[in-house]
Amino acid sequence: EIGNLKSLLCLDVSENKLERLPEEISGLTSLTDLLVSQNLIEVLPDGIGKLKRLSILKVDQNRLMQLTECIGECESLTELVLTENQLLILPRSIGKLKKLNNLNVDRNKLMSLPKEIGGCSSLNVFCMRENRLTRIPAEIAQATELHVLDVAGNRLSHLPLSLTSLKLKALWLSDNQSQPLLTFQTDVDLETGEKVLTCVLLPQMPSETSGQDYLPRCGAIESLVNDMSDETWNERAMNRISAIRFLDDEKEDEEDETATLLRRATPHPGELKSMKKTVENLRTTLNAAKGLDSNKNEVNNSIDRLTTSV
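- Taking an unreviewed UniProt entry as the reference, the protein is identified by name as Leucine-rich repeat-containing protein 1 belonging to Staurois parvus.

**A short note on the pattern of salt bridges**
Argument step 1. Inspection of every chain in the model, using the stated rule, returns eight salt bridges.
Argument step 2. Measuring nitrogen to oxygen at the nearest pair gives 3.2 Å for the salt bridge that ties arginine 107 to glutamate 84. Here arginine 107, found in the loop between strand E5 (102–104) and strand E6 (125–127), pairs with glutamate 84, found in the loop between strand E4 (79–81) and E5; they are 23 residues apart in sequence, far enough to count as distant.

**So, the nonpolar core**
Argument step 1. Counting residues in hydrophobic clusters, the biggest one holds 53 residues, and the most contacted among them are Leu57, Phe126, Met128 and Leu149.
Argument step 2. Those residues in contact with leucine 149 that sit more than four places away from it in its chain are Phe126, Met128, Ile140, Leu163, Leu168, Ala170, Leu171 and Trp172.

**Overview of the pairing of strand E10 (residues 185–188)**
Argument step 1. Both E10 and strand E11 (residues 195–198) contribute to a ladder of four bridges, which runs antiparallel. By the bridge assignment, threonine 186 is partnered in E11 with leucine 197.
Argument step 2. Counting the residues that bridge the hairpin from E10 to E11 gives six residues, and of these glycine 193 lies at a positive phi of roughly 80 degrees.

**Brief notes about unusual backbone geometry**
Argument step 1. Even without being glycine, glutamate 15 reaches a positive phi, approximately 60 degrees.
Argument step 2. When you line up the elements, glutamate 15 lands in the loop between strand E1 (10–12) and strand E2 (33–35).
Argument step 3. Accessibility expressed as a relative area gives 59% for glutamate 15, which makes it exposed.
Argument step 4. Unlike most non-glycine residues, glutamate 130 shows phi in positive territory, near 60 degrees.
Argument step 5. Within the secondary structure layout, glutamate 130 lies in the loop between E6 and strand E7 (148–150).

**Topic: the confidence of the model for the protein**
Argument step 1. Summarising the model, the protein shows a mean pLDDT of 80, and 68% of its residues fall at 70 or more.
Argument step 2. Segment residues 210–226: pLDDT under 50, and 18 contacts once partners within four positions in sequence are set aside and those in other chains are kept.

**Looking at the sheet that holds E10**
Argument step 1. Reading across the sheet, the three strands line up as E8-E11-E10 and stay open at both edges, with antiparallel pairing between neighbours. On the outer flanks of this sheet lie strand E8 (159–160) and E10, each paired with one strand and no other.

About the cut-offs
- Residues numbered from 1 in each chain as written.
- Predicted model: local features only at pLDDT ≥ 70, side-chain atom pairs only at ≥ 80, totals over all residues.
- Heavy atoms only, no water.
- Salt bridge = Lys/Arg side-chain N within 4 Å of Asp/Glu carboxyl O.
- Helix = DSSP H or I, 4+ residues; strand = E, 2+ residues; numbered from the N terminus.
- Core = buried A, V, L, I, M, F, W, Y, C linked by side-chain atoms within 4.5 Å.
- Buried < 20%, exposed > 50% of the residue type's maximum accessible area, 1.4 Å probe, protein only.
- Contact = heavy atoms within 4.5 Å.
- Pairing = 2+ DSSP bridges.
- pLDDT = per-residue confidence, 0-100.

If you want it as structure tokens, here you go:
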């Protein structure tokens, strides 16, 4: 009976346990806002395409695996939020949304985008962070009003050259980018032979799940991570050997060719000063010892000469 509410403008059923929406929702012909965030919805009814006045549709944090092709019939749609679902693809009909201004598909499982996305001529903000995209279709540049493009957290190795025709204000390629817009260079895609854009951030390694598990555990960083005091550091420094050493020649003959250079932790700057003083003191001691040995030899030589003459 929900479809009988012909004058309803806004329907918000967010944060429930809804598994589906009834097909009769198509009767809400005056609806402009439909909010069904944080539910358990797996599919939207085709009847949603009959909501010709629908302007805002939020279906984030559900279980959508696909988006109905009928979404393209929502001709008044300006904002479509599909964040945190399980979408693998977007329907080609999405290119019919000529008034769509904001499209957010962050944190899904998208592996590709339809080239029809360029038909969204009013698209201003397009966010697709944390998906599985390996390519962005060149047709995206047909969305000439696009100013903000977020493709961070994907598997892109390059971007289409056509992006240079857009007046982008922000292009996000990674989660920790210091600047929203980078300088790009042209390159050639080895698979297709087409010209593409690349930069220092492409391609990227997959992000790790836990940064703390991969923190360096050696050298000066260790003292920062563990909040080690200077006194503790100095005590360890005096008892620690920090050096590069080669295996003995005799051992190299006995062992196989896999024997290589062994690298120890780089000394702390404070430790280097201490080591320098130690070396200088040792050098002075050695020089003094050499002087004593030299004097001792001269005395012995004189005694020998005297004994010989006698």
